[in-house]
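Understanding the architecture of this molecule
What follows is each chain in one-letter form.
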Amino acid sequence: MTTIGIPSNHLNHANPKHGTNYVDYTQQNYTAALREAGALPIVFPMGTPEEAAEYVNAVDAVLLIGGQDIGPLFYGEDPTPKMGETDRQRDLFELAIIAEARKQQKPLMGICRGSQILNVAFGGTLIQDINTQYTPANGQPVVKHMQYPVKWYEPTHRIDVMAGTFLAGTFGDQPIVNSFHHQGIKRLGDGLMPAAYASDGTIEAFQTEDASVRGVQYHPEMMFDHDATHLKVFQDFVDYVAEHKN
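Residues numbered from 1 in each chain as written. Predicted model: local features only at pLDDT ≥ 70, side-chain atom pairs only at ≥ 80, totals over all residues. Heavy atoms only, no water.

Looking up the protein in an unreviewed UniProt entry gives the name Gamma-glutamyl-gamma-aminobutyrate hydrolase family protein, with the organism given as Weissella confusa.

Take a look at the structure:
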C-alpha cells in the first residue's frame, strides 16, 4: 500500500482541555481523505530536523498540512503587524522534511500552510497579509480568502485552473472552493509554476513541471465528504505516488 507521511501540528500553549499536557495532532479530514484515496497515512510527531531523514525514509511521499503562519525570517522579511502566530519549531521541522523528501526524490503535496512552506522551501516568498499588503494588478477586487465563519466545507470563490497542470480535468476549469487563509504566495519558488489563480490574481495552486511537487491553497480535505469531486486532488496524488515509487 502507498504510504503518505504527514508532519503533525502541535499544541504549544496551555489550554482548558489539556492544560500543559501538550499534544501533537493532525485533523482527521486529512487522514480520511488519504484513506479514501487508497493510501495509508502515517503521522510524524513533531520532531527535530535531525530526525527528518528517518521519517521520510519510512514513507513513499509527504503531505504538508494547514496551521500557523510561517516565520517571515525564513523568506528574508521581518514580521508585519497583521502576521499571525508562528511556530519556529514546526517551520524548521517541515523545512527539513521537505529537503529530505527532495533528496530522496519522493513526491510532496502541500495544503494551505503546507503549500506556503513548500514555496518558501523552494526559495519563494509570501504575502504576510493579503487584505493589507496585496493590490490586484488586474483591477479586480481582492477576494475574501478567509471565509470564516462560513462552514469549512462550503465553497465560496472560483479558481481558474491552468491547462496542463495537475488540477486540469479534475473538476472543471473554474471550480468553486472554500478558503481559510490570510497569507498567500508572493513570488513562486525556483522550479515552481502556477496551476490555478483566484480572480484577484493570487496563486491558488502550483506544481513542478513533472507534478512531483504540488500545492493547493484551499482545503479539499474539508470538502470531499460533501462534494466527492474534491477527493480527486488526493486520488491523483496517491496514484502519482504509486506509479513513481522508488
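Anyway, onward from the coordinates.
**What to know about the overall build of the protein**
Assigned secondary structure in the protein consists of seven helices and 13 strands. Judged by the C-alpha coordinates and their principal axes, the protein covers about 50 × 40 × 35 Å. Across the 246 residues that make up the protein, the buried fraction comes to 52%. Summarising the internal contacts of the protein: among those between residues at least 6 apart in sequence, 69% fall at separations of at least 24. Just so you have it, the protein exposes about 11,100 Å², and 51% of that area is on carbon and sulfur atoms. Of the side-chain charges in the protein, 17 are positive and 29 negative, and the distance between the mean point of each set is 2 Å. (Helix = DSSP H or I, 4+ residues; strand = E, 2+ residues; numbered from the N terminus. Buried < 20%, exposed > 50% of the residue type's maximum accessible area, 1.4 Å probe, protein only. Contact = heavy atoms within 4.5 Å. Areas by Shrake-Rupley, 256 points an atom, 1.4 Å probe, with all protein chains shown as cover. Lys, Arg positive; Asp, Glu negative; His and termini not counted. Charge placed at Lys NZ, Arg CZ, Asp CG, Glu CD.)

**Some words on the pattern of salt bridges**
Considering all chains together, one arrives at seven salt bridges under this definition. One salt bridge in this structure joins R90 and E94, with 2.9 Å as the shortest N-O distance. Taken together, the positions of R90 and E94, both in helix α3 (residues 88-103) and four residues apart, correspond to about one turn of that helix. The class for R90 is buried, based on a relative accessible area of 0%. Taking the relative accessible area as the measure of exposure, E94 reaches 0% and is therefore buried. (Salt bridge = Lys/Arg side-chain N within 4 Å of Asp/Glu carboxyl O.)

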